[in-house]
Amino acid sequence: MIRCESVTYVYQRGTPVETTALADVSLEIRSGEIVGIIGATGSGKSTLVQHFNGLLRPTRGRVYLDDVDIHAREVDRRRLRQQIGLLFQYPEHQLFEETVSADVAFGPRNLGVAGQELDRRVRGALERVGLDPDRFGPRSPFALSNGEMRRVAIAGILAMEPRMLILDEPTAGLDPLSRQEILDHIRRLHDERGLTIVLVSHSMDAVARLCRRLIVMDRGRVVADGAARSVFADPARLAALGLGLPQVTLCAQRLRERGLPVRPDVLTVEEGRAAILEAVAVRARGAS
Amino acid sequence: MELLRSFAFGQYVPVESPVHRLDPRTKILAALALVAGTFAIGTFAGLAVLTVFLAAAIAAGRIAPGYVVRGLRPVFWLLAIAVALQVLFGEGGGHPVFRRGPLVVTRENLLLGAFYGYRVVLLVVATTLMMFTTSPVELTDGMERLLRPFRRAGVPAHELALMMTIALRFIPTLLEETEKIMKAQMARGAEFSQGSLVRRARALVPLLVPLFVGAFRRADALALAMEARCYRGGEHRTRMRQLEMRRADYVALAVVAVAIAVALGPPAAWHAP
Ligand SMILES: Nc1ncnc2c1ncn2[C@@H]1O[C@H](COP(=O)(O)OP(=O)(O)O)[C@@H](O)[C@H]1O
Ligand SMILES: [Mg+2]
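Residues numbered from 1 in each chain as written. Chains lettered and ligands numbered in written order. Predicted model: local features only at pLDDT ≥ 70, side-chain atom pairs only at ≥ 80, totals over all residues. Heavy atoms only, no water.

Looking at the overall build of chain A
Across its full length, chain A holds 12 helices and 10 strands. Against the compact-globule benchmark of 19 Å for 288 residues, chain A has a radius of gyration of 21 Å, which places it among compact chains. For chain A, with 288 residues in total, the buried portion stands at 52%. The contacts of chain A with a sequence gap of at least 6 include a subset with a gap of at least 24, amounting to 62%. As displayed, chain A offers around 13,100 Å² of accessible surface, 47% of which is attributable to carbon and sulfur atoms. Each charge class in chain A was averaged separately, 40 positive and 37 negative side chains, and the resulting centres sit 3 Å apart. (Helix = DSSP H or I, 4+ residues; strand = E, 2+ residues; numbered from the N terminus. Rg over C-alpha atoms; globule rule 2.2 N^0.38 Å. Buried < 20%, exposed > 50% of the residue type's maximum accessible area, 1.4 Å probe, protein only. Contact = heavy atoms within 4.5 Å. Areas by Shrake-Rupley, 256 points an atom, 1.4 Å probe, with all protein chains shown as cover. Lys, Arg positive; Asp, Glu negative; His and termini not counted. Charge placed at Lys NZ, Arg CZ, Asp CG, Glu CD.)

Below, the structure is given as structure tokens:
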């Protein structure tokens, strides 16, 4: 549904400090996918996703939504931003209303939604991120914990009912429990509501748990794009890009080095557990 | 959507050049002298002399001319309005060159308007050149040293310098934050550049509230960090970077003085009819 064709983006063009943040990036994100974008800090992840909803205009190249150039004159920018929900990094810094409900209502209200429909959307969005609308709705967003603020910000995007949800480092700086909760909600949005999800992250564990497909960026270029399993099968290459492995994958590979025949391409703790049990069973059979 | 692009005025350009290497005090004094000189000069020829000098300094500082022109953009409208007022509503009398109804444009007012405009351009170029070639930290160090003799008279040199350092340090941060929050709210369907004036003013609320909240949060964190490092003001503080006036600095100041002197008192021959 989103397609980038040779997108190049240069910040501060024509000044002594100009930076090429994206260089000739081509990729496609299909409807219903859940894709992870990983890469070291400064590799251009945030710049890339801001092209998806038209906040940045490519210096060269084109971006299409459903085969329509999003910068074509007849494209309605608000409709574009309604369809492609983008959550920025540290989204709790964008909250401004007096109550949580009012803040979540900001997006849909800008789209002209009002009355009961608005109410329904706000309540629905809060519920989907696990916040009770009656308890949290009337509270001030500034009196919440960091994890709660971030969930309010996600609700603010969900209330616009987008087809695609892009989350830029949604778990950065959170405690492990909040991180887990947010990832669970994201997974549910994909599994139960069929939202297309793009997850930008430098937590390998998060993308391994959620994403089938990974896009790896390095200094403004896409250097790998494919199944998560195959990307994590090459740890040396990832290390060269300043990236690591999910902890469970690392664990499996270390066990293998020590001689236990564990499958090296596990991505989740459950898979890891199954693989280790199997390897132990195989060895037990061999010994007997 | 890129806010910082138009913000060239007062941005340090980190390149290597003889001008960059000068002591910050030299550059501050030179800029002050040039500003004062520009106000004292009363002839086009004088301004032309300074223009040549500034052009040479820009070249020596390895600053792209286009970048200097860009630095003029923020004051462009101010400049245009000032010149227009002078031309249209300056003193009566003189030689009219254009007349429509009550509007009379005289040759004298045209010349005066051009002169004032020229002068403002030179003022801005002189100060931006200093800003382009001196890092904010050097600038405040230089200021503090220059103000130090006035401490006896009650001038809080260190505190002023600290305030300036903090302000300069946080202006880019605030701009970045502004850009980010604007984009985040635009992603939620906000529009900042459309609609009536009232609507646009109201559209600023979702921008300003988070901006202020963020500024207070930062101020808090900064105060805490300073206390944690036992900061207690300027008394007995030593410095890591010692400023030092070298020969190049005295030469530079002498060149500036000569340029201003020439600009102020052009030889009588220049006035020959
Ligand atoms: N607003 C901006 N102005 C200038 N340069 C920027 C801006 N935003 C990002 N950059 C630069 O663009 C490059 C890519 O940044 P970004 O997309 O934020 O990377 P990531 O999200 O992967 O950390 C970096 O070198 C960064 O310094
Ligand atoms: Mg980023």
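Description of the site of ligand 1
Around ligand 1 sit 13 residues in total, of which Gly42(A), Gly44(A), Lys45(A), Ser46(A) and Thr47(A) are the nearest. The residues that come close to ligand 1 belong to more than one chain, namely chains A and B. In the environment of ligand 1, an oxygen atom lies 2.5 Å from a nitrogen or oxygen atom belonging to the side chain of Thr47(A). Protein coverage of the free-state accessible area of ligand 1, which is 550 Å², stands at 71%. Going through the elements one at a time, strand 2 (19-29) and helix 1 (45-52) of chain A are the ones with two or more residues in the shell around ligand 1. Ranked by residue count, the leading element in the shell around ligand 1 is helix 1 of chain A, at three residues. The residue inventory of the shell around ligand 1, partitioned by class, reads three nonpolar, eight polar and two charged. (Near = heavy atom within 4 Å. Polar contact = N/O pair within 3.5 Å; in protein donor to acceptor, adjacent residues only side chain to side chain. Nonpolar A, V, L, I, M, F, W, Y, C, P; charged D, E, K, R; others polar.)

Topic: a nonpolar patch on the surface
Residue and element names in this part refer to chain B. On the surface, Phe76, Trp77, Ile81, Leu85, Leu88, Phe89 and Leu103 cluster together into a nonpolar patch covering about 740 Å² of accessible area. With six residues, helix 5 (residues 76-89) is the single largest residue contributor to the nonpolar patch. Structurally, Leu88 can be placed in helix 5. Overall, Leu88 belongs to the partly exposed group, its relative accessible area being 33%. (Patch = residues over 30% accessible without salt bridge, like charges linked within 9 Å, V, L, I, M, F, W, Y side chains within 5 Å. Salt bridge = Lys/Arg side-chain N within 4 Å of Asp/Glu carboxyl O.)

Considering the sheet that holds strand 1 (residues 2-11) of chain A
Residue and element names in this part refer to chain A. On the basis of which strands lie adjacent, the open sheet formed by four strands has the order 2-1-4-5 and antiparallel pairing. Two strands in the sheet have a free side with no partner beyond their single neighbour: strand 2 and strand 5 (68-69). Pairing geometry for strand 1 and strand 4 (residues 60-65), over five bridges, is antiparallel. The partner of Cys4 across the bridge, within strand 4, is Val63. (Pairing = 2+ DSSP bridges.)

Topic: the packing of helix 8 (residues 157-186) of chain B against helix 10 (residues 205-228) of chain B
What describes two packed helices is the angle between their axes and the distance between those same axes. Residue and element names in this part refer to chain B. For the pair helix 8 and helix 10, interaxial distance at closest approach is 10 Å and the crossing angle is 145°. Considering how the two elements wind past one another, helix 8 and helix 10 form a crossing that is right-handed. Residues Leu162, Ile166, Phe170, Thr173, Leu174, Glu177, Thr178, Ile181, Met182 and Gln185 of helix 8 form the contact with helix 10, whose participating residues are Pro206, Leu207, Pro210, Leu211, Arg217, Arg218, Leu222 and Met226. (Axes fitted to C-alpha atoms, helices over the stretch in contact; angles between N-to-C directions. Left-handed = near helix turned anticlockwise from the far one by under 90°.)

Remarks on unusual backbone geometry
One non-glycine residue, Ser6(A), adopts positive backbone phi at about 40°. Looking at the element boundaries, Ser6(A) is found in strand 1. For Ser6(A), a relative accessible area of 35% corresponds to the partly exposed category. Despite not being glycine, Cys230(B) shows a phi value in the positive range, around 60°. Positionally, Cys230(B) belongs in the loop between helix 10 and helix 11 (247-264).

Considering the domain arrangement of chain A
All names here are of chain A. Each assigned domain of chain A is listed with its residue range as follows: domain 1 (2-243) and domain 2 (246-288). Here domain 1 and domain 2 have C-alpha centroids that lie 34 Å from each other. In this complex, domain 1 contributes eight residues to the contact, which on the side of domain 2 involves 10 residues. Of the roughly 760 Å² buried at the junction of domain 1 and domain 2 (both faces included), carbon and sulfur atoms supply 58%. Between domain 1 and domain 2 we count one salt bridge in total. In this structure, the salt-bridge partner of Arg229 is Glu271, at a minimum N-O distance of 3.0 Å. Of all the elements in the fold, those that place two or more residues in the side of domain 1 that touches domain 2 are helix 8 (204-210) and helix 9 (228-232). (Domains from an automatic or database assignment. Buried area = accessible area lost by both parts, 1.4 Å probe.)

Examining the side chain of Gln86(B)
All names here are of chain B. Tracing the chain through its elements places Gln86 in helix 5. Residue Gln86 is classed as buried on the basis of its relative accessible area, which comes to 18%. Sequence-distant contacts of Gln86, defined by excluding residues within four places in its chain, comprise Asn109, Leu112, Gly113 and Tyr116.

Focus on the nonpolar core
Ranked by internal contacts, the top residues of the largest apolar core, which has 51 residues, are Val104(A) and Phe232(A). Among the elements that line this core, the one with the most residues is helix 6 (residues 146-158) of chain A, at seven residues. Residues contacting Phe232(A), with those up to four places away along its chain left out, are Met204(A), Val207(A), Ala208(A), Leu214(A), Leu238(A), Gly244(A), Leu245(A), Pro246(A), Gln253(A) and Leu267(A). Among the nonpolar cores identified, the runner-up in size contains 43 residues, and Cys4(A), Val63(A), Ile70(A) and Ala187(B) belong to it. (Core = buried A, V, L, I, M, F, W, Y, C linked by side-chain atoms within 4.5 Å.)

Digging into the environment of Gly39(A)
Mapped onto the secondary structure, Gly39(A) falls in strand 3 (residues 34-39). For the pair Gly39(A) and Val200(A), spaced 161 residues apart in the sequence, the C-alpha separation amounts to 8.7 Å.

Regarding the confidence of the model for chain B
All names here are of chain B. Across chain B, pLDDT averages 85, with 93% of residues at or above 70. Low pLDDT, under 50, characterises residues 5-9; the predicted model gives this stretch 17 contacts beyond four residues in sequence or across chains. The ipTM assigned to the predicted complex is 0.88, against a pTM of 0.78. (pLDDT = per-residue confidence, 0-100.)

Notes on the interface of chain A and chain B
Contacts between the two partners involve 32 residues from chain A and, on the opposite side, 28 residues from chain B. When the two sides are added together, the surface that chain A and chain B hide from each other amounts to roughly 2,600 Å², 54% of it contributed by carbon and sulfur. Where chain A touches chain B, the interface holds two salt bridges. Note that Arg188(B) and Asp103(A) form a salt bridge whose closest N and O atoms lie 3.0 Å from each other. Across the chain A-chain B interface, the total number found is seven residue pairs in polar contact (both at pLDDT 80 or more). No other element matches the four residues that helix 3 (residues 100-110) of chain A contributes to the side of chain A that touches chain B. The class makeup of the residues in the side of chain A that touches chain B is 16 nonpolar, 11 polar and five charged.

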